[in-house]
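Report on the structure
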Amino acid sequence: MTDAPCTHIGAISQVKHAKRHECEECVKIGSGWVHLRTCQECDRTLCCDSSPNRHASKHAKSSGHPVVASAEPGERWLYCFPDEAFAEY
Ligand SMILES: [Zn+2]
Ligand SMILES: [Zn+2]
Ligand SMILES: [Zn+2]
């Protein structure tokens, strides 16, 4: 990717897409979510910062996996949590 806003996004050559269209952590605890994000390191699909549990953000902090992709239909962007950087792809 050219003109990547951070080195984490710059290192992604192939975007990983959601395998499941649900937040696996919210399903476990019986909660709901607003939007879904897919971790670009481990393929896990988790909920966004507008969701009550913010699992994608928590996962990024605890795992050190910085970049997620939007798992929403028609959205093609990546986000790096530590750098707060967006990039379309
Ligand atoms: Zn970054
Ligand atoms: Zn969740
Ligand atoms: Zn991950």
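Preceding this section is the structure that the text describes.
The text that follows walks through the structure, step by step, so that each part is easy to find.

Analysis parameters
- Residues numbered from 1 in each chain as written.
- Chains lettered and ligands numbered in written order.
- Predicted model: local features only at pLDDT ≥ 70, side-chain atom pairs only at ≥ 80, totals over all residues.
- Heavy atoms only, no water.
- Helix = DSSP H or I, 4+ residues; strand = E, 2+ residues; numbered from the N terminus.
- Buried < 20%, exposed > 50% of the residue type's maximum accessible area, 1.4 Å probe, protein only.
- Lys, Arg positive; Asp, Glu negative; His and termini not counted.
- Salt bridge = Lys/Arg side-chain N within 4 Å of Asp/Glu carboxyl O.
- Contact = heavy atoms within 4.5 Å.
- Donors = N, O, S within 2.8 Å, 3.2 Å for Na, K, Ca; no water.
- Tetrahedral: all angles 85-135°; square planar, octahedral: opposite > 155°, others 65-115°.
- Phe/Tyr/Trp six-rings, centres within 6.5 Å; stacked < 30°, edge-to-face > 60°.
- Pairing = 2+ DSSP bridges.

Tracing the backbone shows arginine 37 in strand S1 (residues 36-39). In this structure arginine 37 is buried but unpaired, with glutamate 75 as the nearest side chain of opposite charge at 4.3 Å.

Moving on: helix H3 (residues 55-63). Buried residues of H3: His55, Ala56, Ser57, His59 and Ala60, and no others. For H3, the secondary structure elements touched by its buried residues are helix H2 (24-29), S1, strand S2 (45-47) and strand S3 (67-70). At the exit of H3 stands glycine 64, carrying a positive phi of roughly 75 degrees.

Bringing the coordination of the zinc ion (ligand 3) into the picture now. Put simply, a metal with four donors set out as a tetrahedron has ideal angles of 109.5 degrees, and one with six donors set out as an octahedron has ideal angles of 90 or 180 degrees. At the metal site, the zinc ion (ligand 3) is ligated by Cys39 (SG), Cys42 (SG), His59 (NE2) and His65 (ND1), and these contacts range over 2.0 to 2.3 Å. Taken together, the four donor atoms coordinating the zinc ion (ligand 3) and their angles of 105 to 114 degrees define a geometry best described as tetrahedral. Summarised as a motif, the one-chain spacing of the donors to the zinc ion (ligand 3) is C-x2-C-x16-H-x5-H. A relative accessible area of 2% places cysteine 39 in the buried class.

This brings us to the packing of aromatic side chains. Tallied over the full model, the rule gives three aromatic pairs. For the pair tyrosine 79 and phenylalanine 86, a centre-to-centre distance of 4.7 Å together with 45 degrees between the ring planes defines the contact as tilted. One aromatic cluster is present, built from ring pairs that chain together Trp77, Tyr79, Phe81 and Phe86.

Neither face of S1 is open: one carries Leu36 and Thr38, the other Arg37 and Cys39, and all of them are buried. Sheet analysis places S1 next to S2, joined by three bridges and oriented antiparallel. Bridging from a neighbouring strand, arginine 37 pairs with leucine 46 of S2. Connecting the antiparallel pair S1 and S2 is a turn made up of five residues, with aspartate 43 showing a positive phi of about 70 degrees.

Purely geometric stuff here, so don't read any function into it on its own.
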